[in-house]
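# Survey of secondary and tertiary structure
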Amino acid sequence: MITVGLIKELQYISTMLKQNLSAEIELFGHRPLAIKITNGVLELFYGQLQIWRESIEGSDSFFGIESCDAIARIIVCIDNRDDTWHKYKYIE
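Overview of the structure. (Residues numbered from 1 in each chain as written. Predicted model: local features only at pLDDT ≥ 70, side-chain atom pairs only at ≥ 80, totals over all residues. Heavy atoms only, no water.)

### Section: the sheet that holds strand β5 (residues 90-91)
If you trace the five strands from one edge of the open sheet to the other, you get β1-β2-β3-β4-β5, paired in mixed fashion. A single partner strand is all that each edge strand has here, and the edge strands are β1 (21-25) and β5. Here six bridges tie strand β3 (residues 41-46) to strand β4 (residues 49-55), and the two strands are oriented antiparallel to one another. Bridge assignment links Val-41 to a residue of β4, and that residue is Ser-55. The strands touched by helix α1 (residues 4-17) within the sheet are β1, β2 (33-38) and β3, with β2 carrying the most contacts at an inclination of about 45 degrees. Packing against the sheet, helix α2 (residues 65-79) makes contact with β2, β3 and β4, and its axis sits at approximately 175 degrees to β4. (Pairing = 2+ DSSP bridges. Helix = DSSP H or I, 4+ residues; strand = E, 2+ residues; numbered from the N terminus. Contact = heavy atoms within 4.5 Å. Axes fitted to C-alpha atoms, helices over the stretch in contact; angles between N-to-C directions.)

### Observations concerning the nonpolar core
Ile-2, Leu-42, Leu-44, Ile-51, Trp-52, Phe-63 and Ile-71 are the most contacted members of the largest nonpolar core, which has 22 residues in total. Listed by contribution, the elements that provide at least two residues to this core are α1, β2, β3, β4 and α2. If one sorts the elements of this core by residue count, α2 sits on top with seven residues. Those residues within four positions of Leu-42 in sequence are excluded, and the remaining contacts are Ile-7, Ile-35, Lys-36, Ile-37, Trp-52, Arg-53, Glu-54, Ile-56 and Phe-63. (Core = buried A, V, L, I, M, F, W, Y, C linked by side-chain atoms within 4.5 Å. Buried < 20%, exposed > 50% of the residue type's maximum accessible area, 1.4 Å probe, protein only.)

### A look at a nonpolar patch on the surface
Taken together, the side chains of Tyr-12, Ile-13, Met-16 and Leu-17 make up a nonpolar region of the molecular surface, amounting to roughly 420 Å² of accessible area. Along the chain, Leu-17 turns up in helix α1. (Patch = residues over 30% accessible without salt bridge, like charges linked within 9 Å, V, L, I, M, F, W, Y side chains within 5 Å. Areas by Shrake-Rupley, 256 points an atom, 1.4 Å probe, with all protein chains shown as cover. Salt bridge = Lys/Arg side-chain N within 4 Å of Asp/Glu carboxyl O.)

### Some remarks on the environment of Leu-6
By secondary structure assignment, the location of Leu-6 is in helix α1. With relative accessibility at 29%, the residue Leu-6 sits in the partly exposed group. Residues Leu-6 and Ala-34, spaced 28 residues apart in sequence, show a C-alpha to C-alpha distance of 13 Å. With near-sequence residues (within four places) excluded, Leu-6 lies in contact with Ile-25 and Ile-35.

### As for the side chain of Ser-55
Inspection of the secondary structure assignment puts Ser-55 in strand β4. For Ser-55, the side chain forms a polar contact with the main-chain oxygen of Glu-57, separated by 3.1 Å. Those residues in contact with Ser-55 that lie beyond four places of it in its chain are Gly-40, Val-41, Asp-60, Ser-61, Phe-62, Phe-63 and Glu-92. (Polar contact = N/O pair within 3.5 Å; in protein donor to acceptor, adjacent residues only side chain to side chain.)

### Observations concerning unusual backbone geometry
Positive phi, close to 50 degrees, is recorded for Asn-39, a residue that is not glycine. Counting through the fold element by element, Asn-39 comes out in the loop between β2 and β3. Asn-39 gets classed as exposed once you look at its relative accessible area, which sits at 65%. Although it is not a glycine, Arg-81 adopts a positive phi angle of roughly 55 degrees.

No statement about biological role is implied by the geometric values presented.
Shown next as C-alpha cells:
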C-alpha cells in the first residue's frame, strides 16, 4: 500500500541527496511495486505495468489521499484480472 507519508519521505530523501530515487516494495504473492522519483515526478510500476505518473513537487502538485486510494484500486483490479483498472490510471 502506498501512503502519502511514504511518498513524501522518499521525495524528501531525493531532494536532500539531490538524486533521483527508486525503491521497490514486494509483498509475497503479489507483483513488485516499483517507485521512481525523478525531478519531483512520481512513477509507479506494478509488475511491468506503468500505473501512475504524477508531479509530487511544486505548487501544481495534488498528490494526496485520493491518489493513494486510486493506486490501491488499480492494484486490486490488476490482481483480480479486472481490466477496468485503466479508468483509475493517472499519467500526467
